[in-house]
Amino acid sequence: MLAHGRVDEGDLSAEWVFTDRHGGVSAGPYASLNVGGAVDDDPRAVGRNRAIVASYVGAESLARVHQVHGRAVARLDRVLDEPPHADASVTSTPDLALVIQTADCVPVLLADLSGGQVAGIHAGWRGVAADVVGAALDQLDPAGPVHAWVGPAICPGCYEVSEQVRDEVAAVVPAAASSTRSGTPAVDVRAGVLAQLASRGIAGTLIGGCTFESPDLFSFRRDGVTGRQAGVIVMRRRDG
Ligand SMILES: [Zn+2]
């Protein structure tokens, strides 16, 4: 796995993980820990990989959303056979492991332990422009600090977009406007997410680096046919 951590507050704790592409059973372009189900990988391998990732946080399965680059937030209290169309999930159910699947977009994990909730968010440039981060934060009810971990994503140096896309995102979040290494228009999706968190008084912690540049991570922009890595968060209540 790429990184793993935990935060404790009173009777509650939140454990989070960002995976890399190693440690799974998928082959070829999906090698090896692909958790994405919509990328033509062997479904049995994806199922085993999801169980492996769930075990990283002591869970048996992962509660997914069907990510569509929008701003809908799904409130989950169990693992659903048919995941709802949404780009963020929120739960107040202890031991329910939420997963976000990415390969260049930003995975964001939130812990609002004072409000007894955790959340996962998927944000590419469309999600940044739609402020899916704000939509997820609207679902929280914090009386204390909200912890935010911002996982690996494509960096602006590698992420060329059209001028139109850059302008569309910049109109919403100026901090997301950027340039590639060769000086063409780019979007800095992680800077956009950090700015959206900061506008609510939340200091996000960056985890990992650029997916495009790291051979240890899946990158859709780099490889086209590829897998998805996971960001997972689970809340726990201390027994007794
Ligand atoms: Zn890069």
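Coordinates for the structure precede this section.
Remember, it's a predicted structure, so these values are computed and weren't measured experimentally.

The buried fraction of helix α5 (residues 189-198) amounts to eight of the 10 residues, a majority that puts the element mostly inside the structure. Residues of α5 that are buried: V189, R190, A191, G192, V193, L194, Q196 and L197.

On to the pairing of strand β5 (residues 98-102), then. Of all the five residues making up β5, five are buried; the element is thus mostly covered by neighbouring parts of the structure. Covered by surrounding structure in β5 are L98, I100 and T102 together with V99 and Q101, the residues of both alternating faces. Sheet topology note: the β5/strand β12 (residues 229-237) ladder contains five bridges and is antiparallel. From the neighbouring strand, T102 faces β12, where its bridge partner is Q229.

Moving on, we come to the sheet that holds strand β3 (residues 73-75). Strand order across the open sheet formed by six strands is β3-β4-β7-β6-β8-β11, with mixed pairing between neighbours. Since the sheet does not close on itself, it has two edges, and those belong to β3 and β11 (205-206), each with one partner. Two elements, strand β4 (residues 88-91) and strand β7 (residues 117-123), share four bridges in a ladder whose sense is antiparallel. By the bridge assignment for β7, V90 is matched with A119.

Moving on, we come to unusual backbone geometry. Across the junction of A31 and S32, the peptide omega takes the value -10°, indicating a cis bond. Look at D40: it is not a glycine, yet its phi comes out positive at around 70°. Following the sequence through the fold, D40 ends up in the loop between β2 (12-18) and α1 (43-56). Phi angles above zero are rare outside glycine, and D95 is one such case at about 75°. You can see D95 is positioned in the loop between β4 and β5. Residue D95 is classed as partly exposed on the basis of its 13 C-beta neighbours within 10 Å.

Conventions and cut-offs
- Residues numbered from 1 in each chain as written.
- Predicted model: local features only at pLDDT ≥ 70, side-chain atom pairs only at ≥ 80, totals over all residues.
- Buried ≥ 20, exposed ≤ 12 C-beta atoms within 10 Å, placed from the backbone.
- Helix = DSSP H or I, 4+ residues; strand = E, 2+ residues; numbered from the N terminus.
- Pairing = 2+ DSSP bridges.

Functional significance is not addressed by these values, which are geometric in nature.
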